[in-house]
Each structure stands twice: as structure tokens, then as C-alpha cells.
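The lines below spell out each chain.
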Amino acid sequence: EKSTADPKARSAMPAVCGVEDRNRTAPFPFCGNRFEFRAVGSSQNCSFPIAVCNTIMASGMACLSGLIEGGMSHRDAVAKMFKENRHVIFTGNGYSSEWPVEAKKRGLPNLHNTPLALATFNSEKAKKLFK
């Protein structure tokens with residue numbers, strides 16, 4: 001949904017902008033025409049989290065490329081990947097009590113502290129991804 005933001009200045013034109021909820025609890029909220037990255041604190045170096053995100057994205061694009069190069073249409077390949085992965089999309093409050101219940105219902109891990117999250121780096125799935 002789009003709306004017009006009034007800049008309250010005669011020398012500036014109103015700007016068309018999204019009015020969606022920016023979901024400030026998400027580490028990668030979609031903000032109208034882009035994703036924002038909010039996964040690290042202001043004093044932290046974001047190079048490693050971005051390297052992880054790029055690796056995950058590259059893996060997904062390799063999978064998509066494989067489907068398309070295997071003869072599937074672009075539309076069908078994207079639709080297949082979306083159908084297989086849409087269970088990870090959560091647009092609610094990630095800090096609320098509803099998230100752990102929803103994550104469990106979807107079969108997703110709820111890594112709510114650093115030691116639990118770091119332990120997954122040693123999993124076979126993670127090792128395969130980063131090879």
C-alpha cells in the first residue's frame with residue numbers, strides 16, 4: 001500500500017512512500033522497496049553476518065539456477081522455491097511469546113541465545129553450505 005508523505009515545505013514535493021509496518025523486531029525487515037539489515041549492534045563489525053547472508057543467498061541462487069538450467073521456467077522455479085520455503089516467513093513480533101509457539105508448529109529451530117546459535121555452525125548442514 002502506498003501513501004503520500006507531506007514534507008511540510010513549499011519547496012519540496014510530496015513523496016510517494018510505503019505505509020507498511022516496518023517490523024522493527026526483524027533482523028531483515030522489508031521496507032517497501034528494500035530489505036534493511038538490523039542484525040548487529042552499532043559498535044559491532046557486520047562483515048561476518050553479511051558474509052553469512054551472502055553465502056545463504058548464493059546457495060539459494062545456485063539452487064534456483066539449477067532448476068532453470070534443468071529446464072524449468074523462471075516462474076515455475078521461483079514458485080517451487082517459494083512453496084518449499086515459505087514456512088520460514090514470519091511477519092509477527094519476533095520477541096513476543098507467539099514466536100516460539102509458531103516456530104515449533106512450523107518445525108523451525110528457535111535459537112534464542114548465542115550458545116545455541118553458535119552450536120549450529122558445527123552442523124553438517126552448515127559445513128556443507130560454507131564449503
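The structure we're discussing is the one just above.
Please read these numbers as outputs of a predicted model, since none were measured by experiment.

On the surface, Phe 48, Leu 118, Phe 121 and Phe 130 cluster together into a nonpolar patch covering about 400 Å² of accessible area. What makes Phe 121 partly exposed here is its relative accessible area of 38%.

As a further point, take the pattern of salt bridges. Considering all chains together, one arrives at five salt bridges under this definition. For Glu 84, the salt bridge identified is with Lys 80, shortest N-O distance 2.4 Å. Within this pair, Glu 84 and its partner Lys 80 are both found in helix α2 (residues 74–85), separated by four residues, close to a single helical turn. Look at Lys 80 and you get partly exposed, because its relative accessible area is 31%. One continuous salt-bridge network, built from bridges that share partners, spans Glu 102, Lys 105 and Arg 106.

For the structure shown, the criterion picks out two aromatic pairs. Note on Phe 90 and Trp 99: the rings are 4.7 Å apart at their centroids and 45° apart in plane angle, and the pair reads as tilted.

Take Ala 77: it is sitting in helix α2. On the basis of relative accessibility, which here comes to 0%, the residue Ala 77 falls in the buried class. Separated by 12 residues in the primary sequence, Ala 77 and Ser 65 have C-alpha atoms spaced 8.6 Å apart. Beyond its immediate stretch of four places on either side in the chain, Ala 77 contacts Leu 64, Leu 67, Ile 68 and Met 72.

Here we come to the packing of helix α1 (residues 47–69) against α2. Packing of α1 against α2 brings their axes to within 9 Å, and their N-to-C directions diverge by 135°. Relative to α2, the element α1 lies oblique. For α1 against α2, the interelement crossing comes out right-handed. Within the contact between the two elements, α1 uses Gly 60, Cys 63, Leu 64, Leu 67 and Ile 68 and α2 uses His 74, Ala 77, Val 78, Lys 80 and Met 81. Residues of the contact of α1 with α2, tallied by class, amount to seven nonpolar, two polar and one charged.

Buried within helix α3 (residues 98–106) are the following residues: Trp 99, Glu 102 and Ala 103. One side of α3 holds all its buried residues, which, seen down the axis, span an arc of 100°. Exposed positions of α3 whose direction lies more than 90 degrees from the buried face are Val 101, Lys 104 and Lys 105. With its phi angle positive at about 75°, Gly 107 sits one or two positions after the end of α3.

Criteria and cut-off values
- Residues numbered from 1 in each chain as written.
- Predicted model: local features only at pLDDT ≥ 70, side-chain atom pairs only at ≥ 80, totals over all residues.
- Heavy atoms only, no water.
- Patch = residues over 30% accessible without salt bridge, like charges linked within 9 Å, V, L, I, M, F, W, Y side chains within 5 Å.
- Areas by Shrake-Rupley, 256 points an atom, 1.4 Å probe, with all protein chains shown as cover.
- Salt bridge = Lys/Arg side-chain N within 4 Å of Asp/Glu carboxyl O.
- Buried < 20%, exposed > 50% of the residue type's maximum accessible area, 1.4 Å probe, protein only.
- Helix = DSSP H or I, 4+ residues; strand = E, 2+ residues; numbered from the N terminus.
- Phe/Tyr/Trp six-rings, centres within 6.5 Å; stacked < 30°, edge-to-face > 60°.
- Contact = heavy atoms within 4.5 Å.
- Axes fitted to C-alpha atoms, helices over the stretch in contact; angles between N-to-C directions.
- Parallel < 35°, antiparallel > 145°, perpendicular 65-115°, else oblique.
- Left-handed = near helix turned anticlockwise from the far one by under 90°.
- Nonpolar A, V, L, I, M, F, W, Y, C, P; charged D, E, K, R; others polar.
- Arc of directions from axis to C-beta.

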